[in-house]
Amino acid sequence: MKRNTVFIKSKLILFSVLNVFGFTLAGPLQVTDAHASCDTTAGTGIDWQDCRKRNLIMTDTDFSQSNFSRTDFASSDLRNVILDKSDLTKAVLVRASLEGAHAHEASFSGVIAYRTKFGSGDYSGSNFDKAEVIRADFSNAILKNTSMAKGEFSRVAFSGATLGDVNLDYSNLARSDLRESKIVGPLSMSGTFLFRTRLEGVDLSSVTGLASWQLEMACGNADTKLPEGIQAPSTWPCDEED
């Protein structure tokens with residue numbers, strides 16, 4: 001009986017030691033790391049969902065068809081990256097640079113992008129619905145067949161940007177600047193908030209859903225072209241201090 005007790009105690013001690021070093025009596029202990037994919041080398045088709053990738057330099061990288069849902073790219077350098085068909089839903093892009101990015105049919109839905117640089121990028125076919133894009137720069141970007149509905153796009157620079165078949169319904173464009181932008185196709189602006197939005201010299205003749213009350217709070221001038229049947233408000237042009 002005493003010998004059996006000693007054997008059992010020895011077996012328990014051995015079992016404990018094996019567990020400490022990652023083994024069981026049946027073989028190696030399988031440990032699953034929920035964030036193991038965060039160490040994957042940058043490239044196409046990677047899964048960095050929920051990963052923290054701040055302050056990194058990843059210029060000119062091909063990230064096509066990758067999963068960056070809720071990835072934190074704050075202050076990272078993503079210039080000239082390829083993001084075709086990638087998922088950046090609710091990603092953090094605060095102060096990141098995506099200048100020159102190629103992002104066809106990518107999802108930027110719900111992204112948080114304060115002071116983010118999107119300039120000279122091509123975002124054709126992409127989705128920015130419900131995005132929080134504040135004080136960002138889309139200068140000279142291409143936005144064709146792009147959905148930007150119900151989003152926050154206040155104080156955004158669109159100068160030199162090309163827009164066509166863009167849905168801006170119920171988005172906030174307060175104090176954004178569309179001067180010198182090129183509208184090459186339909187723009188939907190039903191319910192879009194245009195408080196002090198700069199529209200001087202912009203051709204809005206192909207815009208749908210635009211109402212007088214929206215234009216009364218915006219800033220246009222005699223060179224602003226309006227859709228047929230809509231007159232320029234008496235509040236134009238805005239005072240310079242506004």
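What counts, and at which threshold
- Residues numbered from 1 in each chain as written.
- Predicted model: local features only at pLDDT ≥ 70, side-chain atom pairs only at ≥ 80, totals over all residues.
- Heavy atoms only, no water.
- Helix = DSSP H or I, 4+ residues; strand = E, 2+ residues; numbered from the N terminus.
- Contact = heavy atoms within 4.5 Å.
- Areas by Shrake-Rupley, 256 points an atom, 1.4 Å probe, with all protein chains shown as cover.
- pLDDT = per-residue confidence, 0-100.
- Pairing = 2+ DSSP bridges.
- Disulfide = S-S within 2.5 Å.
- Buried < 20%, exposed > 50% of the residue type's maximum accessible area, 1.4 Å probe, protein only.
- Polar contact = N/O pair within 3.5 Å; in protein donor to acceptor, adjacent residues only side chain to side chain.

## Structural notes on the overall build of the protein chain
Here comes step 1: When helices and strands are counted, the protein chain shows two helices and ten strands.
Here comes step 2: Starting at the N terminus and walking to the C terminus, you meet the elements of the protein chain as α-β-β-β-β-β-β-β-β-β-β-α.
Here comes step 3: The long-range share in the protein chain, meaning contacts at least 24 apart out of those at least 6 apart in sequence, stands at 4%.
Here comes step 4: For the protein chain, the computed accessible surface area is about 12700 Å², with 50% contributed by carbon and sulfur atoms.

## Some words on the confidence of the model for the protein chain
Here comes step 1: Looking at the protein chain as a whole, its pLDDT mean stands at 89, while 84% of the residues score no less than 70.
Here comes step 2: This model gives residues 1-34 a pLDDT under 50, and the stretch forms eleven contacts once residues within four places in sequence are excluded.

## What about the sheet that holds strand β5 (residues 142-144)?
Here comes step 1: The three strands are arranged β5-β6-β8 in an open sheet whose pairing can be described as parallel. The strands lining the two open edges of the sheet, one partner per strand, are β5 and β8 (182-183).
Here comes step 2: One ladder, built from two bridges, connects strand β6 (residues 162-164) with β8; its direction is parallel. By the bridge assignment, Thr162 is partnered in β8 with Lys182.

## A closer look at the sheet that holds strand β9 (residues 187-188)
Here comes step 1: As summarised here, the arrangement of the three strands in space is β7-β9-β10, forming an open sheet in which the pairing is parallel. Across the chains shown, the open sheet's two edge strands, defined by having one partner strand only, are β7 (166-167) and β10 (207-208).
Here comes step 2: Judged from the two bridges that link them, β7 and β9 form a sheet pairing that is parallel. Bridge pairing in β9 places Val166 opposite Leu187.

## Details of the state of the cysteines
Here comes step 1: Scanning the model with the defined rule gives two disulfides in all.
Here comes step 2: At a sulfur-sulfur separation of 1.9 Å, the disulfide partner of Cys38 is Cys51. Of note, the bridge from Cys38 to Cys51 carries an S-S torsion of about -90° and is left-handed in sense. Here Cys51 lies in the loop between β2 (27-28) and β3 (112-114) and Cys38 lies in the loop between β2 and β3, a separation of 13 residues in the sequence.
Here comes step 3: A sulfur-sulfur separation of 2.1 Å characterises the disulfide bridge that pairs Cys219 with Cys238. For the disulfide bridge between Cys219 and Cys238, the dihedral angle about the S-S bond is near -100°, and by the sign convention the bridge is left-handed.

## As for the environment of Thr146
Here comes step 1: Checked against the element boundaries, Thr146 lands in the loop between β5 and β6.
Here comes step 2: On the basis of relative accessible area, Thr146 is assigned to the buried category, the value being 2%.
Here comes step 3: With 18 residues separating them in the primary sequence, Thr146 and Phe128 have C-alpha atoms 7.5 Å apart.
Here comes step 4: Here Thr146 is in contact with Tyr123, Ser124, Gly125, Ser126, Phe128, Asp165, Val166 and Asn167, once residues within four sequence places are set aside.
Here comes step 5: Here Tyr123 takes part through its backbone oxygen, which lies 3.1 Å from a polar atom of the side chain of Thr146.
Here comes step 6: A polar contact of 3.1 Å, which involves the side chain of Thr146, links it to the backbone oxygen of Lys144.

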